[in-house]
Amino acid sequence: MKALLPIVLALLASTSAQADSRTLILGSEAFELTYVADPDSRRQGLMGVTELPFGSGMLFDFPAGTRPAIWMRNMQISLDLVFVDNRGQIRQVFADVPPCAELPCALYQADAPLRWVIELPAGSVARLGLSVGATLDVSGLPATPPAL
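This one's a predicted model, so the numbers in the text were calculated from it and none came from an experiment.

## Observations concerning the state of the cysteines
Throughout the structure, instances matching the rule amount to one disulfide. Residue pairing for Cys100: its cysteine sulfur links by disulfide to Cys105, the two sulfurs lying 2.1 Å apart. Between Cys100 and Cys105, the S-S torsion sits near -90°, and that sign places the bridge as left-handed.

## Some details on unusual backbone geometry
The phi angle of most residues is negative, glycine excepted, and most peptide bonds adopt the trans form. Cis geometry marks the peptide bond from Leu103 to Pro104; its omega dihedral reads -5°. Looking at the secondary structure, you find Pro104 in the loop between strand 6 (90–97) and strand 7 (107–109). Positive phi is not limited to glycine here, since Asp96 has a value of about 50°. With respect to the helices, strands and loops of the structure, Asp96 is situated in strand 6. Given a relative accessible area of 48%, Asp96 falls into the partly exposed group.

## A few points about the side chain of Asp80
When you line up the elements, Asp80 lands in strand 5 (residues 79–84). Here Val125 takes part through its backbone nitrogen, which lies 2.8 Å from a polar atom of the side chain of Asp80. Here Asp80 is in contact with Phe94, Ala95, Asp96, Ile118, Glu119, Leu120, Pro121, Ala122, Gly123, Ser124 and Val125, once residues within four sequence places are set aside.

## A few points about a nonpolar patch on the surface
On the surface, a nonpolar cluster with roughly 340 Å² of combined accessible area is contributed by Trp71, Leu103 and Leu107. With respect to the helices and strands, the residue Trp71 is situated in strand 4 (residues 69–71). Overall, the relative accessible area of 41% leaves Trp71 in the partly exposed class.

## Description of the packing of aromatic side chains
Within this structure, the stated rule accounts for four aromatic pairs. Note on Phe31 and Phe54: the rings are 5.0 Å apart at their centroids and 75° apart in plane angle, and the pair reads as edge-to-face. Here the residue Phe31 occupies a position in strand 2 (residues 29–36), and Phe54 occupies one in the loop between helix 2 (39–44) and strand 3 (56–61), the gap between them amounting to 23 residues. Here Phe31 falls in the buried class, since its relative accessible area comes to 0%.

Conventions we followed
- Residues numbered from 1 in each chain as written.
- Predicted model: local features only at pLDDT ≥ 70, side-chain atom pairs only at ≥ 80, totals over all residues.
- Heavy atoms only, no water.
- Disulfide = S-S within 2.5 Å.
- Helix = DSSP H or I, 4+ residues; strand = E, 2+ residues; numbered from the N terminus.
- Buried < 20%, exposed > 50% of the residue type's maximum accessible area, 1.4 Å probe, protein only.
- Polar contact = N/O pair within 3.5 Å; in protein donor to acceptor, adjacent residues only side chain to side chain.
- Contact = heavy atoms within 4.5 Å.
- Patch = residues over 30% accessible without salt bridge, like charges linked within 9 Å, V, L, I, M, F, W, Y side chains within 5 Å.
- Areas by Shrake-Rupley, 256 points an atom, 1.4 Å probe, with all protein chains shown as cover.
- Salt bridge = Lys/Arg side-chain N within 4 Å of Asp/Glu carboxyl O.
- Phe/Tyr/Trp six-rings, centres within 6.5 Å; stacked < 30°, edge-to-face > 60°.

This is how it looks when you write it as structure tokens:
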């Protein structure tokens with residue numbers, strides 16, 4: 001499975017010319033997350049990805065004042081969605097979100113404006129013991145949100 005990680009990260013990075021990788025500690029595990037901050041990359045997300053090994057995922061960075069909404073249209077795999085504020089506090093978790101089978105697709109939206117959404121392989125939240133109220137160390141991430 002670890003042998004697949006570089007291949008998956010390369011595929012994730014290819015979803016956008018502006019994508020790059022950031023390491024974030026989730027629970028006690030280091031995750032390599034493809035970082036996306038521009039509208040096209042956020043829209044593309046993980047569409048078309050057929051495998052996402054544990055230890056990988058995507059980190060969405062949203063402009064200030066955004067109430068992010070994620071949908072699973074054109075997705076091939078289930079995901080865990082972790083909504084995080086600018087201080088690193090987990091505000092909402094949607095676990096084991098399935099791909100959208102037919103339109104209209106369900107929206108998974110933040111209750112309030114926040115900074116980050118992390119998409120992880122389904123089952124990661126439970127495996128890592130992540131929960132609402134926990135705080136992640138986001139000090140290594142960009143200090144300023146992207147522009148609109």
